[in-house]
Amino acid sequence: MSHKILVATGGGDCPGLNAVIRGIVKRAQMEQEEWEIYGCIESFNGILRDEVEIMRLTERRVSGLHVKGGTIIKTTNRGGPFHFPVRQPDGSWKVEDRSQLMKKRLEEMGFEAVINIGGDGSQTISMQLADIGINVVGVPKTIDNDLSSTDFTFGFQTAVQIATEAFDKLVTTADSHNRVFIMEVMGRDAGWIALHTALAGGADVCIIPEIPYDPAIIAQKIETRYLNGMGFCNIVIAEGAKKADGKVTGAAPTAVGDPHIKLGGVGEVLRQELMDLGVEHDIRVTVLGHLQRGGTPVAYDRILATEFGVKAFELAKEKKYGNLVVYRHPEISYVPFEEALKQPHLVSPDDYLVHTARAVGMSFGD
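Computed from a prediction, not measured in an experiment: that's the story for all the values here.

Enquirer: How would you sum up the pattern of salt bridges? Please name residues and give values.
Expert: Summed over all chains, the structure comprises 17 salt bridges. Here Arg27 ties to Glu314 by a salt bridge, and the two come within 2.9 Å at their closest N and O atoms. Note that Arg27 is positioned in helix H1 (residues 17-28) and Glu314 in helix H9 (residues 299-317), a separation of 287 residues in sequence. Residue Glu96 pairs with Arg98 through a salt bridge whose shortest N-O separation is 3.3 Å. A residue is classified by how much of its surface remains accessible, and Glu96, at 27% relative accessible area, is partly exposed. Three or more residues joined by partner-sharing salt bridges are found here, namely Arg27, Glu31, Glu314 and Lys317.

Enquirer: Residue-level account of the side chain of His3, with values.
Expert: Summarising the element assignment, His3 is placed in strand S1 (residues 2-9). Here the side chain of His3 touches Glu112 through a polar contact of 2.5 Å, side chain to side chain. In this view, His3 contacts Glu33, Glu34, Trp35, Glu36 and Glu112; residues no more than four positions away in its chain are not counted.

Enquirer: Tell me about the packing of aromatic side chains, and name the residues and values.
Expert: Within the structure shown, the criterion is met by five aromatic pairs. Between the aromatic rings of Tyr38 and Phe111, the centroid separation amounts to 5.6 Å while the plane-to-plane angle is 85°, which identifies the pairing as edge-to-face. Of the two residues, Tyr38 is situated in strand S2 (residues 34-40) and Phe111 in the loop between helix H3 (99-108) and strand S6 (113-118); the sequence distance between them amounts to 73 residues. Residue Tyr38 shares its accessibility class with Phe111, and that shared class is buried. Ring centres of Phe152 and Phe156 lie 6.0 Å apart, and the angle between their planes is 20°; on these two criteria the pair is classed as stacked. On the basis of relative accessible area, Phe152 is assigned to the partly exposed category, the value being 23%. Three or more aromatic residues joined by ring pairs make a cluster, and in this case those are Phe152, Phe156 and Tyr300. The side chain of Lys4 reaches across the aromatic face of Phe111, ending 4.7 Å from its centre. The side chain of Arg225 reaches across the aromatic face of Phe232, ending 4.9 Å from its centre.

Enquirer: Kindly report on the sheet that holds strand S12 (residues 233-238), identifying the contributing residues and their values.
Expert: Across the sheet, which stays open at both edges, the four strands sit in the order S9-S12-S8-S15 with parallel pairing between neighbours. With partners counted over all chains shown, the strands left at the sheet margins are strand S9 (205-207) and strand S15 (283-287), one partner each. Each neighbouring strand pair of the sheet contributes to a mean axis angle of 15°, computed without reference to strand direction. Relative to S12, strand S8 (residues 180-185) is paired through six bridges, and the arrangement is parallel. Its bridge partner lying in S12, Glu184 is registered against Ile237.

Enquirer: A description of unusual backbone geometry should follow, citing residues and the corresponding values.
Expert: Glycine aside, the phi torsion of most residues is negative, and most peptide linkages are trans. Pro330 follows His329 through a cis peptide bond whose omega is 5°. Relative to the elements of secondary structure, Pro330 occurs in the loop between strand S16 (323-328) and strand S17 (331-336). Even without being glycine, Glu42 reaches a positive phi, approximately 60°. Take Glu42: it is sitting in the loop between S2 and helix H2 (45-48). The exposure class of Glu42 is partly exposed, given its relative accessible area of 26%.

Enquirer: Which residues make up the packing of H1 against H9, and what are the values?
Expert: One way to put it is that H1 packs onto H9 with a least axis distance of 7 Å and a crossing angle of 45°. Relative to H9, H1 is oriented oblique. Two packed elements cross with a definite hand, and for H1 against H9 that hand is right-handed. Where H1 approaches H9, its residues Ala19, Val20, Arg22, Gly23, Ile24, Arg27 and Ala28 are matched on the opposing element by Arg302, Ala305, Thr306, Gly309, Val310, Phe313 and Glu314.

What counts, and at which threshold
- Residues numbered from 1 in each chain as written.
- Predicted model: local features only at pLDDT ≥ 70, side-chain atom pairs only at ≥ 80, totals over all residues.
- Heavy atoms only, no water.
- Salt bridge = Lys/Arg side-chain N within 4 Å of Asp/Glu carboxyl O.
- Helix = DSSP H or I, 4+ residues; strand = E, 2+ residues; numbered from the N terminus.
- Buried < 20%, exposed > 50% of the residue type's maximum accessible area, 1.4 Å probe, protein only.
- Polar contact = N/O pair within 3.5 Å; in protein donor to acceptor, adjacent residues only side chain to side chain.
- Contact = heavy atoms within 4.5 Å.
- Phe/Tyr/Trp six-rings, centres within 6.5 Å; stacked < 30°, edge-to-face > 60°.
- Lys NZ or Arg CZ within 6 Å of the ring centre and 35° of its normal.
- Pairing = 2+ DSSP bridges.
- Axes fitted to C-alpha atoms, helices over the stretch in contact; angles between N-to-C directions.
- Parallel < 35°, antiparallel > 145°, perpendicular 65-115°, else oblique.
- Left-handed = near helix turned anticlockwise from the far one by under 90°.

Read these as layout, nothing more, since geometry by itself doesn't imply function.
Here it is as structure tokens:
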């Protein structure tokens, strides 16, 4: 008897997604019974479209896949089973609930379970699918590391490594030109990427969403780094950083089915604020953007992603549905979706990493 599992990758791309897929497939091949693993193209869009798009994931197809960035089954952060965008005859768009259609097709195609690899938005969908009777196992994915149920999410360490390497390069050019460099990194509402990068790179200032900043305090810190016009200062700022008024910098979403504000530009905002305060040093801004999401995952993320893939298959095989795979040192375990999504994993101002940063002279602009 053959068993079938459908795998989906949703949300932003992330180093390690392919390693999870490979882990699922290779673990399935260890079973005496036959397990067929299929990939759903572009998250759940592949099974929701009028013409179904799925891909058979064989051991040959995933060979060597753990070193490749991105996802071979594609991904999207738009739409979903409960808010699927459909173009109308007049050219406008309408959002439809296609969750029951998805359930029907899964049953007709003989899929026993779905493994959904994604962040908090994707796992919210997982929980909703479980509520309507679909057998779902979740795998946490996000470079932001903002899921509280797991010690780390794969992709985070790679994003930090990429950001740190970029920051190291900015330090040398800042020193050479007596400049202030502001490097803007991803993370949405969580400051983990910025904080780890700032510590690893020896930043003078680190600005994160969890600690509102005062531009005047940052301006004062900058001046301590100069003597007779000579010196330099390097700043890491998270894209979701905000002042005491709580306002973030970004643009409203324009794509159909995408509810997320497009964060970005806070580095330039800070540059202007510092200039308005009278900072006369040459200030430059670098926005890393999607460089942090792409490329080959570091060894840590390949290993963690493979562990997640193996555990996800085993949960599906054991019919332990409605759960999210998690890493709780030193074990790979699982928790119910409800527990996993209770609250985000954000930086506490009392976190020891923050204490460490302050202890070596780093300013958070507060």
